[in-house]
Amino acid sequence: MKLADKSCALEEAVSRIGVGATVMLSGFGVPGTPFALIRELVRQGPKNLTIIKNDANEKGMGVDHLLAAGMVKKLIVTHIGLNARAMAMMNAGDIEVEFCAQGMLAERVRAGGAGLMGFVTDIGLGTELAEGKTRVELGGREGVLESALRADVALIHAARADTFGNLCYAAAARNFSPLMAMAADRVVAEAEVVVAPGGIVPEEVHTPGPFVDHVVPLGALGEEYGVVRRA
Amino acid sequence: MSDVRDRMVARAAREIARGMVVNLGIGLPTRVIDHLAADFPVCLHTENGLSGIGPTLPYEQADRNLIDAGGAYVSTIPGSAFFDSAVSFALVRSGRLDLTMLGAFEVAQNGDLANWKIPGKFSPGAGGGIELAQKARRVVVLTTHVDRKGNPKLLEQCSLPLTATACVNRVFTDMAVVDVAEGRFHLREIAEGLSVADVVKATGAGLIVPEGELPRF
């Protein structure tokens, strides 16, 4: 038996993202953000995108390029405080922003990836986050219905991949990656190192290959991936 | 940091008991770590996916993949673990987080907390704060007693959008240590050089003051 080779060029991997697509982006701040895939998406330029990501990165990085290029219709995020452009565009009504509690975003994505339609939680009860959500009573407790999230495409950053799409994440770069890698119709993983099948020990696989459609080998990492020097 | 704030943070550090799992929010709470002895047994959790946070690292030594939720470059220690964001919040919501320390815009006498949004001025999103406030076993707040304009932050009711309802157990300020119990504020300790009257005046709700001398910090 042999596992398929899903290696793919950057341009081709991103080329199926059309106007109006919903796109999940891995990452929490810099760690895990697929900067190379995002740059290629900006180059190809489909507009009216709904972006699902923990945050909007910082000015001049990642999601900010999509915002600057006017490609974003809506952000589904937990926090955008480090990106002044995202805040300004939201306040001016240029983009729609849906805020989720961070664990709720994770769980909605996981639910989508697990083939579920949603789940019931008490998170946000008594706050404006619960407004407009369906109330549910379950086992004598009150909760709200949270809907699952799926995307047309998930763009994921991995530290290591094999050509079949088994993925490993580094340190705190894991964050939303394993969840989003389950929750999209098409999953594209960029990887710092790509090895042949067998090059990753089965016990150390974080995302199993069957979830992944394309593996894009990264060359030298761009500046955006590096340590951010702060004053 | 002014002397009294340093004493407040040092006092808050004594809130952490041996063996606890603790999440320190962004800002003043992060500084609590400076007041813990290097061999003190505590597991610090950060919601972006790490338990067992080690010391913060300078730029030259930083690992580009290893930050805390505030974006600071941190390190691991023997026994650290990485996990995804769903696991991270499962830990919070299932009751495994013993204590969280958070900042505040407003705290109400019933324990309501507002710390994520000022309508029309500041709305970056709450990140992980809602679940930390709602589900940590114990929630303590570190804040100045009054805002920059001198208005009290401890109030009968919050006027800003809530982070979570009835969640705060204790507030450490630059003036006092105040407990929240049975829908009221209870004065427990007082900063050096202040009188009870000073604290009462700076508090925007009734303050239950016990008989006798209060501990100082």
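These numbers were taken from a predicted model, which means no experiment stands behind them.

Undergrad: Mind showing me how you'd approach the pattern of salt bridges here?
TA: Close approach of charged atoms lets side chains of opposite charge pair. Residue and element names in this part refer to chain A. Using the criterion set out here, one finds 24 salt bridges over all chains in the structure. In this structure, the salt-bridge partner of Lys 74 is Glu 98, at a minimum N-O distance of 3.0 Å. Here the residue Lys 74 occupies a position in strand S3 (residues 72-77), and Glu 98 occupies one in strand S4 (residues 96-99), the gap between them amounting to 24 residues. The buried category is assigned to Lys 74, whose relative accessible area is 17%.

Undergrad: Would you explain the packing of helix H5 (residues 102-113) of chain A against helix H2 (residues 85-93) of chain B in this entry?
TA: A pair of packed helices is captured by two measures, namely the crossing angle of their axes and the spacing between those axes. One way to put it is that H5(A) packs onto H2(B) with a least axis distance of 9 Å and a crossing angle of 125°. For the element pair H5(A) / H2(B), the angle class is oblique. Read as a crossing pair, H5(A) and H2(B) show a hand that is left-handed. In this structure, H5(A) uses A:Gln102, A:Gly103, A:Met104, A:Ala106, A:Glu107 and A:Arg110 to contact H2(B), whose residues at the interface are B:Ser85, B:Ala86, B:Phe89 and B:Arg93.

Undergrad: Just to check I follow, could you spell out the state of the cysteines for this structure?
TA: Structurally, a disulfide amounts to a covalent bond that connects the sulfur atoms of two cysteines. Throughout the structure, instances matching the rule amount to zero disulfides over all chains. Not part of a disulfide, B:Cys158 finds its nearest cysteine sulfur in B:Cys167, a span of 8.9 Å.

Undergrad: Teacher, can you tell me more about helix H2 (residues 35-44) of chain A here?
TA: Residue pairs three or four apart in sequence face the same way in an α-helix, which turns once every 3.6 residues. When H2(A) is considered as a whole, its buried residues turn out to be A:Phe35, A:Ala36, A:Leu37, A:Ile38, A:Glu40 and A:Leu41. Where H2(A) ends, the next residue or the one after it, A:Gly45, has phi of about 80°, a positive value.

Undergrad: Sorry, what's going on with the pairing of strand S12 (residues 184-190) of chain B here?
TA: Strand residues, when the strand is regular, have side chains that alternate between the two faces of the sheet. All names here are of chain B. Among the seven residues that make up S12, five are buried, leaving the element largely enclosed by the rest of the structure. In this structure, strand S11 (residues 176-181) lies alongside S12, joined through six bridges in antiparallel fashion. What sits directly across from Ala 181, in S12, is Arg 184. Remark: two residues form the turn of the hairpin made by S11 and S12, two consecutive strands paired antiparallel; Glu 182 in that turn has positive phi of roughly 50°. Looking at chain direction, S12 and strand S13 (residues 207-208) are connected through two bridges and run parallel. When the bridges of S13 are listed, Phe 185 appears paired with Leu 207.

Undergrad: Looking at this structure, how should I read a nonpolar patch on the surface?
TA: Together, A:Val120, A:Leu138 and A:Leu145 give the surface a local cluster of nonpolar side chains, amounting to about 250 Å² of exposed area. Mapping A:Leu145 onto the fold places it in strand S7 (residues 141-147).

Undergrad: Just to check I follow, could you spell out the packing of aromatic side chains for this structure?
TA: Aromatic ring pairs are defined here through the distance separating the ring centres and the angle between the ring planes. One pass over the full model with this rule turns up two aromatic pairs over all chains. The interplanar angle of 90° and the centroid separation of 5.1 Å between the aromatic rings of A:Phe35 and A:Tyr225 together place this pair among those described as edge-to-face. Of this pair, A:Phe35 sits in helix H2 while A:Tyr225 sits in the segment after strand S11 (214-217), and the two are 190 residues apart along the sequence. A:Tyr225 matches A:Phe35 in its accessibility class, with the two residues each being buried. An angle of 75° between the planes, with centres 5.9 Å apart, marks the rings of B:Phe105 and B:Phe122 as edge-to-face. Residue B:Phe105 is found in the loop between strand S5 (99-102) and strand S6 (106-108), and its partner B:Phe122 is found in the loop between strand S7 (113-114) and helix H3 (129-135); the two are separated by 17 residues along the sequence.

Undergrad: Can you walk me through the interface of chain B and chain A in this structure?
TA: Interface size, as often reported, equals the accessible area lost upon joining of the parts. Contacts between the two partners involve 37 residues from chain B and, on the opposite side, 43 residues from chain A. Summing the contributions of chain B and of chain A, the shared interface buries around 3300 Å²; its carbon and sulfur component is 59%. Across the chain B-chain A interface, the total number found is four salt bridges. Across the pair A:Asp122 and B:Lys135 runs a salt bridge, and its minimum N-O distance is 2.8 Å. For the pair chain B and chain A, the number of links is 16 residue pairs in polar contact (both at pLDDT 80 or more). Mapped by element, the contributors of at least two residues to the side of chain B that touches chain A are H2 and H3 of chain B. Class assignment of the residues belonging to the side of chain B that touches chain A gives a composition of 17 nonpolar, eleven polar and nine charged.

Undergrad: Where do I start with the side chain of B:Thr173 in this structure?
TA: All names here are of chain B. With respect to the helices and strands, the residue Thr 173 is situated in the loop between strand S10 (170-172) and S11. There is a polar contact of 2.8 Å between the side chain of Thr 173 and the side chain of His 145. Not counting residues up to four positions away in its chain, the partners in contact with Thr 173 are Met 8, Thr 143, Thr 144, His 145, Leu 154 and Phe 217.

Parameters and conventions
Residues numbered from 1 in each chain as written. Chains lettered and ligands numbered in written order. Predicted model: local features only at pLDDT ≥ 70, side-chain atom pairs only at ≥ 80, totals over all residues. Heavy atoms only, no water. Salt bridge = Lys/Arg side-chain N within 4 Å of Asp/Glu carboxyl O. Helix = DSSP H or I, 4+ residues; strand = E, 2+ residues; numbered from the N terminus. Buried < 20%, exposed > 50% of the residue type's maximum accessible area, 1.4 Å probe, protein only. Axes fitted to C-alpha atoms, helices over the stretch in contact; angles between N-to-C directions. Parallel < 35°, antiparallel > 145°, perpendicular 65-115°, else oblique. Left-handed = near helix turned anticlockwise from the far one by under 90°. Contact = heavy atoms within 4.5 Å. Disulfide = S-S within 2.5 Å. Pairing = 2+ DSSP bridges. Patch = residues over 30% accessible without salt bridge, like charges linked within 9 Å, V, L, I, M, F, W, Y side chains within 5 Å. Areas by Shrake-Rupley, 256 points an atom, 1.4 Å probe, with all protein chains shown as cover. Phe/Tyr/Trp six-rings, centres within 6.5 Å; stacked < 30°, edge-to-face > 60°. Buried area = accessible area lost by both parts, 1.4 Å probe. Polar contact = N/O pair within 3.5 Å; in protein donor to acceptor, adjacent residues only side chain to side chain. Nonpolar A, V, L, I, M, F, W, Y, C, P; charged D, E, K, R; others polar.

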